[in-house]
Amino acid sequence: MRPSSFSSPEVRVFPDAEAVAVAAAEAFARAAERIVAERGAFYVALSGGSTPRAVYAKIAEEEVAGRRKLPWAGIHVFFGDERCVPPDHAESNYRMASESLLDHVPLPPANLHRIRGELPPATAATAYEADLRRYMPLQQAGMPRFDFLLLGVGPDGHTASLFPGSAALAETTRAVVASEAPMPPVQRVTLTLPVLNNSASVLFLVLGGEKAAMLRQVLRTDTSGAVFPAQRVRPVTGCARWYLDEAAASQLAKP
Ligand code: 6PG
């Protein structure tokens with residue numbers, strides 16, 4: 001349920017993909033440093049798809065160059081969703097995050113919580129939910145609460161692996177479910193809306209003109225008839241931010 005006092009999400013438009021990656025990497029680093037210093041643990045869910053690869057590479061680049069060493073011992077990495085493929089598969093979100101980030105930073109193995117895409121979808125979803133509930137502070141109706149959650153949006157307005165018309169969108173009690181995509185890999189495992197909306201901070205990253213028309217609808221202020229899954233990600237007590245490049249923002253009303 002969306003609180004009546006929901007504030008509109010913050011939307012920032014950057015000149016290009018590189019500027020979005022730099023800003024998103026900075027947002028990740030600042031949140032990690034602040035929250036590990038405050039509480040000793042930072043719980044983050046990484047997004048899949050292609051957009052975040054450059055962000056992860058930026059974070060890794062800063063670490064390897066010694067310019068920004070993050071408190072990895074206190075950072076716990078989860079995933080917003082996964083394709084039901086082995087971890088070394090070209091379509092694996094885990095593989096993408098490993099190649100661009102996780103293989104290059106000193107994250108303790110115990111702090112990495114992978115969705116086991118090699119398992120049958122329902123088995124993988126149950127196992128991941130158990131992992132979430134074992135390692136994360138639960139808040140608000142027993143739902144895990146991420147400190148920072150990265151999300152992308154597809155041209156159809158899907159986010160994580162919550163696709164338009166999916167039964168997964170109606171889930172209210174489980175934190176993780178199996179879902180199906182209209183494109184291969186069809187079988188997916190995804191966080192559900194109650195978890196996404198329990199997050200302290202959600203950062204959407206959207207690039208490219210092919211998403212401009214969808215974004216114009218998703219970011220409309222009146223979302224009473226929300227039809228796109230991304231429109232239904234409205235953190236109850238947290239904040240949602242959108243980092244766009246100019247091409248993706250090209251059909252938004254000028255401020
Ligand atoms: C996935 C993602 C998915 C992705 C969007 C945008 O597993 O594919 O979770 O939600 O973020 O499809 O993908 P791009 O970043 O490739 O445009």
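Everything quoted here is computed from the prediction, not taken from an experiment.

Quick notes on the pattern of salt bridges
- Within the structure shown, the criterion is met by 17 salt bridges.
- Arg 39 is the salt-bridge partner of Asp 147, the closest N and O atoms lying 2.7 Å from each other. One end of the pair, Asp 147, is in the loop between strand S6 (143-144) and strand S7 (148-151); the other, Arg 39, is in helix H1 (residues 17-39), with 108 residues separating them in the sequence.
- In this structure, the salt-bridge partner of Glu 61 is Lys 58, at a minimum N-O distance of 3.8 Å. Taken together, the positions of Glu 61 and Lys 58, both in helix H2 (residues 53-64) and three residues apart, correspond to about one turn of that helix.
- Since its relative accessible area comes to 40%, Glu 61 is described here as partly exposed.
- Here Lys 58 falls in the buried class, since its relative accessible area comes to 16%.
- Through salt bridges that share partners, Glu 18, Lys 58, Glu 61, Glu 62 and Arg 67 make up one connected network.

Quick notes on the side chain of Asn 198
- Here Asn 198 lies in the loop between helix H5 (193-196) and strand S10 (201-206).
- At a separation of 3.0 Å, a polar atom in the side chain of Asn 198 contacts the main-chain carbonyl oxygen of Gln 139.
- If near-sequence neighbours (up to four positions away) are discounted, Asn 198 is found in contact with Gln 139, Gln 140, Met 143, Pro 144 and Arg 145.

A closer look at the packing of H1 against H2
- It is the contact of H1 with H2, at a shortest axis distance of 8 Å, that shows an interaxial angle of 55 degrees. Accordingly, the angle class assigned to the pair H1 and H2 is oblique. For the element pair H1 and H2, the recorded crossing hand is right-handed. From H1, Glu 18, Ala 21, Val 22, Ala 24, Ala 25 and Phe 28 reach across to H2, where they touch Ala 54, Val 55, Lys 58 and Ile 59.

Overview of the sheet that holds S7
- Read from one edge to the other, the open sheet built from six strands follows the order S1-S11-S10-S7-S2-S3, with strand pairing classed as parallel. Looking at which strands have only one partner, the edges of the open sheet turn out to be strand S1 (10-14) and strand S3 (75-79). Each neighbouring strand pair of the sheet contributes to a mean axis angle of 20 degrees, computed without reference to strand direction.

Things to note about H2
- For H2, with 12 residues, the first-to-last C-alpha span of 16 Å sits near the 16 Å given by 1.5 Å per residue.
- For H2, the full list of buried residues reads Val 55, Tyr 56, Lys 58, Ile 59, Ala 60 and Glu 63.
- Residue Gly 66 follows H2 closely and has a positive phi angle near 80 degrees.

Here we look at the site of the ligand
- Taken together, 16 residues form the shell around the ligand, and within it Ser 50, Thr 51, His 158, Ala 160 and Lys 211 come nearest.
- In the environment of the ligand, an oxygen atom lies 2.6 Å from a nitrogen or oxygen atom belonging to the side chain of Ser 50.
- Taking Asn 93, its side chain carries an N or O atom lying 2.9 Å from an oxygen atom of the ligand.
- Protein burial of the ligand: of its 410 Å² of free accessible surface, 87% is covered by the chains.
- Residue composition of the shell around the ligand, grouped by class: two nonpolar, 10 polar and four charged.

Here's the deal with the pairing of strand S8 (residues 176-180)
- Here S8 runs beside strand S9 (residues 187-191); their pairing, made up of five bridges, is antiparallel. Within S9, the position partnered with Val 177 by the bridge is Thr 190.
- In this antiparallel pair of consecutive strands, S8 and S9, the connection spans six residues.

Comments concerning the side chain of Glu 63
- Note that Glu 63 resides in helix H2.
- Note on Glu 63: relative accessible area 5%, which makes it buried.
- If we skip the residues at most four places from it in the chain, Glu 63 touches Arg 68, Lys 69, Leu 70, Trp 72, His 104, Val 105 and Pro 106.

Overview of the nonpolar core
- In this structure, Phe 42, Leu 46, Ile 75, Phe 146, Leu 191 and Trp 242 are the most contacted members of the largest nonpolar core, which totals 80 residues.
- Residues in contact with Trp 242, not counting those within four places in the same chain, are Pro 9, Glu 10, Val 11, Arg 12, Val 153, Phe 204, Val 206, Leu 215, Val 218, Leu 219 and Ala 230.

A look at the packing of aromatic side chains
- Counted under the stated rule, the structure contains nine aromatic pairs.
- When the ring of Phe 204 is compared with that of Trp 242, the centres are 3.9 Å apart and the planes differ by 15 degrees; the resulting orientation is stacked. Here Phe 204, found in strand S10, pairs with Trp 242, found in strand S11 (residues 239-245); they are 38 residues apart in sequence, far enough to count as distant. For the pair shown, Phe 204 and Trp 242 are each scored as buried.
- Here a set of aromatic residues connected by ring pairs shows up, and it is made of Phe 28, Phe 42, Trp 72 and Phe 148.
- Its guanidinium or amino end placed over the ring of Tyr 94, Arg 114 lies 5.5 Å from that ring's centre, counting from NZ or CZ.

Thresholds applied
- Residues numbered from 1 in each chain as written.
- Predicted model: local features only at pLDDT ≥ 70, side-chain atom pairs only at ≥ 80, totals over all residues.
- Heavy atoms only, no water.
- Salt bridge = Lys/Arg side-chain N within 4 Å of Asp/Glu carboxyl O.
- Helix = DSSP H or I, 4+ residues; strand = E, 2+ residues; numbered from the N terminus.
- Buried < 20%, exposed > 50% of the residue type's maximum accessible area, 1.4 Å probe, protein only.
- Polar contact = N/O pair within 3.5 Å; in protein donor to acceptor, adjacent residues only side chain to side chain.
- Contact = heavy atoms within 4.5 Å.
- Axes fitted to C-alpha atoms, helices over the stretch in contact; angles between N-to-C directions.
- Parallel < 35°, antiparallel > 145°, perpendicular 65-115°, else oblique.
- Left-handed = near helix turned anticlockwise from the far one by under 90°.
- Pairing = 2+ DSSP bridges.
- Expected span 1.5 Å × (residues − 1).
- Near = heavy atom within 4 Å.
- Areas by Shrake-Rupley, 256 points an atom, 1.4 Å probe, with all protein chains shown as cover.
- Nonpolar A, V, L, I, M, F, W, Y, C, P; charged D, E, K, R; others polar.
- Core = buried A, V, L, I, M, F, W, Y, C linked by side-chain atoms within 4.5 Å.
- Phe/Tyr/Trp six-rings, centres within 6.5 Å; stacked < 30°, edge-to-face > 60°.
- Lys NZ or Arg CZ within 6 Å of the ring centre and 35° of its normal.

Shape is all these values report; function is a separate question.
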